[in-house]
Amino acid sequence: MLAPSSAGFRRLLPLLKPHRGRLAAGGLCMLVFVACWPLLASQAGQLIPAIGSGDFHRVLKVIAVALSLFLIQKVAQFGQDTLLAAPALQVSQELRRNLFARLQRLEFGALEKLSAGDLTYRLTEDADRVGEVIYKTIQDTTPSALQLVAVFGYMVYLDWKLSLATLLLAPLVAVLVSVFGARVLGAAERSQQQVSELAGLLGEAIGGLPLVRAFAAEPWLQQRFETEIDLHRRARYRTLRLLALQHPVVGFIEAAGILTVLLLGAWRIGAGGLSGAGFSSYVAALLMLIDPISHLTTNFNEFQQGQASLRRLRAIEQEPVEAPDRPGARPLAQLGGALELRDVSFGYSPSQPVLQQLNLRVAPGQVVALVGPSGAGKSTLFSLLLRFNAPQQGQVLLDGLDLQDLRAAELRRAVALVPQQTTLFSGTVAEAIRFGRPASDEQVRRAAQLANAADFIEAMPGGYGARVEERGSNFSGGQLQRLAIARAVLGNPAVLLLDEATSALDAEAEEAVQQGLQRAMDGRTVLVIAHRLSTVQEADHILFLEGGRIVEQGSHDGLMMAGGRYRDLCNRQLIRSFG
Ligand code: ADP
């Protein structure tokens, strides 16, 4: 019954391998637990005639044996549950770990396509559900199935004809269960999809609340939200209604089945095929089937829901990941920081080129400012320099080595990014600057000094141990930028990619950031997406990008004299904002 749809879960089996020892011990306990059931049924058969005989001692003996059996069984059950729980939980942890590792390696394109809320849902709720199924399968479904086999085996041993009659009722239950199971699966999948769409909308909404308020768009957002929760409620209700129908139907079939068996029992005793005591044992055994059958049906439903979750987790695995380093990728020696673009063309989709035949040489230590209208391809160029994307044509070279031939991790240590918007993970200030790299306290302090951040950090209670709140909300814009600069220079990169913040800071904060930048840039090759006149004026070389091409280049004075697109832009934007 489980076979055709269990393929997804079967692929998880190798994850159980390291836990063979515990599984074997748990399995042993499980066998003891299961074996006790037919023995108990046989005791039940003896108990009823014993009670009927009025012989107190005889009853006491049977009860003592039954009690001992129960004790052994419950101890074995404890062993089974605890021994099997650990590997089950470890498998679900492993699954989560693998998925997160996968997430970290996804291509940026794939990552942008998936919404943060949806991904969070998959890695929490879906992963939980799959973990639950793994746990239940090992710790509940398996012993229930074994109990079914053992107890039914005992019934066959008691009277095979009666058992055969009983067995004929089983397919009826099985057919009903699988018909419902398929429908529950469909409904569960729709309802999970709805939850994740809801999470996606919530993620968007929470980030955008100030904007929504600014546009007085609350009724619109409320309406969207209400539509979404309405769809969710309906999908969920459909699942619950199916589940609600399933329990009574299966329950009724079971009751009718048991009553039929009693009728058949009377016939078998009448025909002399079975003793009264035997029939008592048979009925006790039959009652012992109800529990495992009900566990198996419930677990089957959860299994179906888990199947939907597993499919959604597997979908992440279908997304393309960053290309691994080429075999024989070269380690980076001491870096000079010379950059070169040779005939580089790139587009996110092949039909729409974003960068077209770019050629550029940047000498070590040079500062190059990139200017141009939004959408010109400046950030895309950065993404090529960090090897987030690979050029479709041409080469990007660092010290004469093609980036594609380098190891990504080494390249990204050599090329550091100061993004436009500073994102900090919560933790301490020192941790935010280190960002997982091994660096001594002294190195962290030096990086902070270089970035002109040391003063404000040391003035904070706790200094480098002070907490960074989520998204760095306890720092001002200027402080965040200086922390980002410190983080970038900590690894002593040869190349600094600087995406200048567009949000204006007050003069004093601006000055502090500029000072940090000046020091951080010293001795490094710098490419800066410039928004400030002072930055372009001080650059050694300016590139004016438009439509993915370099349309003008030179020094500030030279370009102003030439009176082209650059001068227009300076007159329109840079000077008005900063002059
Ligand atoms: P700039 O930084 O100069 O504003 P970008 O490099 O961000 O320009 O964008 C250049 C072009 O590439 C734009 O047309 C933009 O829409 C497109 N683009 C940027 N990022 C992506 C992406 N991840 N997927 C598809 N298109 C993108």
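## Here we look at the overall build of the protein chain
The helix and strand tally for the protein chain stands at 18 helices and twelve strands. Expected size for 579 residues packed as a compact globule is a radius of gyration near 25 Å; at 35 Å, the protein chain overshoots this value by more than 25%. Taking the principal axes of its C-alpha atoms as reference, the protein chain extends roughly 115 × 50 × 50 Å. Burial analysis of the protein chain (579 residues in total) assigns 45% to the buried set. Summarising the internal contacts of the protein chain: among those between residues at least 6 apart in sequence, 78% fall at separations of at least 24. Carbon and sulfur atoms make up 60% of the accessible area of the protein chain, which amounts to about 29,600 Å² in all. Separation between the mean location of the 55 positive side-chain charges and that of the 52 negative ones in the protein chain comes to 8 Å.

## Observations regarding the sheet that holds strand β5 (residues 401-402)
Strand order across the open sheet formed by four strands is β2-β1-β4-β5, with antiparallel pairing between neighbours. Only two strands of the sheet have a single neighbouring strand rather than two, namely β2 (355-362) and β5. When strand β1 (residues 339-346) meets β2, the two strands line up antiparallel, connected through five bridges. Residue Leu 339 lies in a different strand from β2, and its bridge partner there is Val 362. The strands touched by helix α9 (residues 378-385) are β1, β2 and β4 (393-398); relative to β1, the strand with the most contacts, the crossing angle is about 115°.

## Comments concerning the domain arrangement of the protein chain
Per the domain assignment, the segments making up the protein chain are domain 1 (9-318) and domain 2 (339-572). Taking only C-alpha atoms into account, the centre of domain 1 sits 54 Å from that of domain 2.

## Describing the site of the ligand
The immediate surroundings of the ligand are formed by Glu 112, Tyr 348, Val 354, Pro 373, Ser 374, Gly 375, Ala 376, Gly 377, Lys 378, Ser 379 and Thr 380. Gly 375 is positioned such that a nitrogen or oxygen atom in its backbone is 2.7 Å from an oxygen atom of the ligand. Backbone polar atom of Ala 376 to an oxygen atom of the ligand: 3.1 Å apart, as the coordinates give it. Along the lines of polarity and charge, the residues of the shell around the ligand split into four nonpolar, five polar and two charged.

## Focus on the sheet that holds strand β10 (residues 525-529)
With mixed pairing, six strands are arranged side by side in an open sheet as β6-β9-β10-β3-β11-β12. Whereas interior strands pair on both sides, the edge strands pair on one side only; in this sheet they are β6 (415-418) and β12 (549-554). Between one strand axis and the next, the sheet turns by 20° as a mean value, whatever way the strands run. Alignment of strand β3 (residues 367-371) against strand β11 (residues 541-546), held across four bridges, turns out to be parallel. Each residue of the ladder has a partner; that of Leu 370, found in β11, is Leu 543.

## Description of the nonpolar core
Ranked by size, the top nonpolar core spans 51 residues in total, and within it Val 429, Ile 433, Ile 457 and Tyr 566 carry the most contacts. Ranked by residues supplied to this core, first place goes to helix α14 (residues 477-489) with seven residues. Core analysis: the next-biggest nonpolar cluster, separate from the first, contains 46 residues, Phe 9, Ala 66, Ala 127 and Phe 279 among them.

## What to know about α14
Over its 13 residues, α14 runs 19 Å from end to end, which matches the ideal 18 Å to within 8%, given 1.5 Å per residue. A large share of α14 lies buried, amounting to eleven of its 13 residues. Where α14 is buried, its residues contact β6, α11 (429-434), α12 (441-450), α13 (454-459), β9 (495-499) and α15 (507-521).

## Focus on the packing of helix α2 (residues 20-53) against helix α5 (residues 116-158)
Running from amino to carboxyl end, α2 crosses α5 at an angle of 35°, the nearest separation of the two axes being 9 Å. Remark: the crossing between α2 and α5 carries right-handed chirality. Contacts between α2 and α5 pair Leu 23, Met 30, Leu 31, Phe 33, Val 34, Trp 37, Pro 38, Ala 41 and Ser 42 from the former with Ile 138, Thr 142, Pro 143, Leu 146, Gln 147, Ala 150, Val 151 and Tyr 154 from the latter. Broken down by class, the residue content of the contact of α2 with α5 amounts to 14 nonpolar, three polar and no charged.

## Focus: the environment of Glu 510
Here Glu 510 lies in helix α15. Separated by 228 residues in the primary sequence, Glu 510 and Tyr 282 place their C-alpha atoms 87 Å from one another. Beyond its immediate sequence surroundings of up to four residues, Glu 510 is in contact with Leu 505 and Arg 532. Polar side-chain contacts of Glu 510 include one of 2.9 Å to the side chain of Arg 532.

## Some thoughts on the pairing of β12
By the bridge criterion, five bridges tie β11 to β12 in an arrangement that is antiparallel. Residue pairing across strands places Leu 545 opposite Ile 550, the latter belonging to β12.

## Considerations on the packing of aromatic side chains
Per the counting criterion, the structure on display carries seven aromatic pairs. Look at Phe 33 and Trp 37: their rings are 6.1 Å apart centre to centre, the planes differ by 80°, and that puts the pair in the edge-to-face class. Note that Phe 33 and Trp 37 are positioned in helix α2 at a spacing of four residues, about one turn of the helix. Across this residue pair, the class does not change: Phe 33 and Trp 37 are buried. A ring pair is formed by Phe 346 and Tyr 348, whose centres lie 5.0 Å apart and whose planes are at 80°; its orientation type is edge-to-face.

## A look at a nonpolar patch on the surface
Among the surface-exposed residues, Val 156, Trp 160, Leu 164 and Leu 167 lie close enough to one another that they form a single nonpolar patch of about 390 Å² accessible area. A total of three residues in the nonpolar patch trace back to one element, the largest contributor, which is helix α6 (residues 160-214). Tracing the sequence through the fold places Trp 160 in helix α6. Residue class for Trp 160 comes out exposed when judged on its relative accessible area of 53%.

## Brief notes about the environment of Leu 569
Among the structural elements, Leu 569 can be located in helix α18 (residues 565-578). Judged by its relative accessible area of 6%, Leu 569 is buried. In this structure the C-alpha to C-alpha distance between Leu 569 and Pro 373, which are 196 residues apart in sequence, comes to 8.3 Å.

## So, the pattern of salt bridges
What the rule picks out here adds up to 23 salt bridges. Between Arg 387 and Asp 325 there is a salt bridge; the shortest N-O distance is 3.0 Å. Of this pair, Arg 387 sits in the loop between α9 and β4 while Asp 325 sits in the loop between α8 (276-318) and β1, and the two are 62 residues apart along the sequence. Residue classification places Asp 325 among the partly exposed positions, given a relative accessible area of 33%. Two residues, Arg 407 and Glu 410, come together in a salt bridge whose shortest N-O distance is 3.5 Å. A relative accessible area of 35% means that Arg 407 is categorised as partly exposed. Each of the salt bridges in this network shares a partner with another, and the network as a whole consists of Asp 230, Arg 233 and Arg 234.

Reading the values: rules and limits
Residues numbered from 1 in each chain as written. Predicted model: local features only at pLDDT ≥ 70, side-chain atom pairs only at ≥ 80, totals over all residues. Heavy atoms only, no water. Helix = DSSP H or I, 4+ residues; strand = E, 2+ residues; numbered from the N terminus. Rg over C-alpha atoms; globule rule 2.2 N^0.38 Å. Buried < 20%, exposed > 50% of the residue type's maximum accessible area, 1.4 Å probe, protein only. Contact = heavy atoms within 4.5 Å. Areas by Shrake-Rupley, 256 points an atom, 1.4 Å probe, with all protein chains shown as cover. Lys, Arg positive; Asp, Glu negative; His and termini not counted. Charge placed at Lys NZ, Arg CZ, Asp CG, Glu CD. Pairing = 2+ DSSP bridges. Axes fitted to C-alpha atoms, helices over the stretch in contact; angles between N-to-C directions. Domains from an automatic or database assignment. Near = heavy atom within 4 Å. Polar contact = N/O pair within 3.5 Å; in protein donor to acceptor, adjacent residues only side chain to side chain. Nonpolar A, V, L, I, M, F, W, Y, C, P; charged D, E, K, R; others polar. Core = buried A, V, L, I, M, F, W, Y, C linked by side-chain atoms within 4.5 Å. Expected span 1.5 Å × (residues − 1). Left-handed = near helix turned anticlockwise from the far one by under 90°. Phe/Tyr/Trp six-rings, centres within 6.5 Å; stacked < 30°, edge-to-face > 60°. Patch = residues over 30% accessible without salt bridge, like charges linked within 9 Å, V, L, I, M, F, W, Y side chains within 5 Å. Salt bridge = Lys/Arg side-chain N within 4 Å of Asp/Glu carboxyl O.

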